[in-house]
Amino acid sequence: DIERIKQAEKTMHEINMGGSAIGTSINVNSLYLDKIDKEISAICGYELHLANNLIDSTQNLDGFVYVSSALKNCSVNLSKIAADLILMSSGPRTGFCEINLPAVQSGSSIMPGKINPVIPEVVIQVAYLIMGHDVTISMAASSGQLELNAFGPVIYYQLYEATYALNGAVESFTRDCVKGITAN
């Protein structure tokens, strides 16, 4: 998943800066096209380059859909892992009880020894959130007409939130759950 996300991230380094309404660069000084990506790269600190097809990049926001899909794919896999951990740690008396998850929250007063799998449950909830964001991003990207992409703001917001939520979930999952698992 990390490799998929890195591959998708490359699309975010491609910028649509044709200097004209629909990306054709018609009537645009060639100095602009030669320097704009280098100037923006210097300002933001990322190595950016002009899109190979400025008209396509004006009409389509598919790079954002690609990144969202990679985040969703990672979320689906993390959700599966979290669900497996919940099942493998179920018990203590009538479940699988093959592993012990770290005790993060008190269990049940009527089931002594029960550990609530709250961190894997959080990971699953974040995965659902990211899957929903992916649907929103896909629909918004498909809703632009011709060169008008009026739904960019919702795409950017949803992608930012998905990235932020996934990062937090992975950090917590690793720190508060995975590192503390023991075999039973």
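For the structure given in this document, a descriptive report is provided here. Given the structure is predicted, the values throughout are model-derived calculations rather than measurements.

On to the nonpolar core, then. The biggest cluster of nonpolar side chains holds 28 residues, and the ones touching the most others in it are L71 and F173. Where this core is concerned, the elements lending two or more residues are α4 (62–88), α5 (118–142) and α6 (152–176). Element by element, the count of residues in this core is highest for α5, at nine residues. What L71 contacts, discounting residues up to four positions off in sequence, is I5, I130, L159, A162, T163 and L166.

In this structure, the largest pocket encloses a volume near 530 Å³. Along the walls of the largest pocket sit 20 residues, with I5, K6, E9, L71 and T163 positioned nearest its centre. In this model, the second largest pocket occupies a volume close to 400 Å³. Considering the residues around the second largest pocket, the lining is formed by 18 residues, among which E14, N16, S57, N60 and F64 are closest to the centre. Those elements giving two or more residues to the lining of the second largest pocket turn out to be β1 (14–15), α3 (54–59) and α4. Here the residues of the lining of the second largest pocket are counted per class, giving seven nonpolar, eight polar and three charged.

Right, let's talk about the packing of aromatic side chains for a bit. Counted according to the given criterion, the structure contains two aromatic pairs. Between F64 and Y156, the aromatic rings sit 5.2 Å apart at their centres with planes inclined by 55 degrees, giving tilted as the arrangement. Of this pair, F64 sits in helix α4 while Y156 is found in helix α6, placing the two residues 92 residues apart along the sequence. With a centroid separation of 6.2 Å and an interplanar angle of 20 degrees, the aromatic rings of Y160 and Y164 are classed as stacked. Of this pair, Y160 and Y164 both sit in helix α6, separated by four residues, roughly a single helical turn. Each member of the pair, Y160 as well as Y164, carries the same accessibility label: exposed.

Time to look at empty space enclosed by the protein. Taken as a whole, this structure holds one cavity of 30 Å³ or more when the rule is applied. The volume enclosed by the largest cavity comes to roughly 30 Å³. Taken together, L101, P102, V104, N116, P117, V118, I119, P120, D176 and C177 make up the full set of residues lining the largest cavity. In terms of residue count, α5 provides more of the lining of the largest cavity than any other element does, three residues in total. Classifying every residue of the lining of the largest cavity gives eight nonpolar, one polar and one charged.

Before going further, it helps to spend a moment on the packing of α5 against α6. At a closest axis distance of 9 Å, the pairing of α5 and α6 adopts a crossing angle of 160 degrees. One element, α5, and the other, α6, form an angle in the roughly antiparallel class. Of the two possible hands of crossing, α5 and α6 adopt the one that is left-handed. Touching I119, P120, V123, V126, L129, I130, H133, T136, I137, A140 and A141 of α5 are V154, I155, Q158, L159, E161, A162, A165, L166, A169, S172, F173 and D176, all from α6.

Conventions we followed
- Residues numbered from 1 in each chain as written.
- Predicted model: local features only at pLDDT ≥ 70, side-chain atom pairs only at ≥ 80, totals over all residues.
- Heavy atoms only, no water.
- Core = buried A, V, L, I, M, F, W, Y, C linked by side-chain atoms within 4.5 Å.
- Buried < 20%, exposed > 50% of the residue type's maximum accessible area, 1.4 Å probe, protein only.
- Helix = DSSP H or I, 4+ residues; strand = E, 2+ residues; numbered from the N terminus.
- Contact = heavy atoms within 4.5 Å.
- 1 Å grid on protein atoms, 1.4 Å probe; cavity = no way out; pocket = protein on both sides within 12 Å on 5 of 7 lines; lining within 4 Å.
- Points joined across faces, edges and corners; volume = space filled by probe spheres on them.
- Nonpolar A, V, L, I, M, F, W, Y, C, P; charged D, E, K, R; others polar.
- Phe/Tyr/Trp six-rings, centres within 6.5 Å; stacked < 30°, edge-to-face > 60°.
- Axes fitted to C-alpha atoms, helices over the stretch in contact; angles between N-to-C directions.
- Parallel < 35°, antiparallel > 145°, perpendicular 65-115°, else oblique.
- Left-handed = near helix turned anticlockwise from the far one by under 90°.

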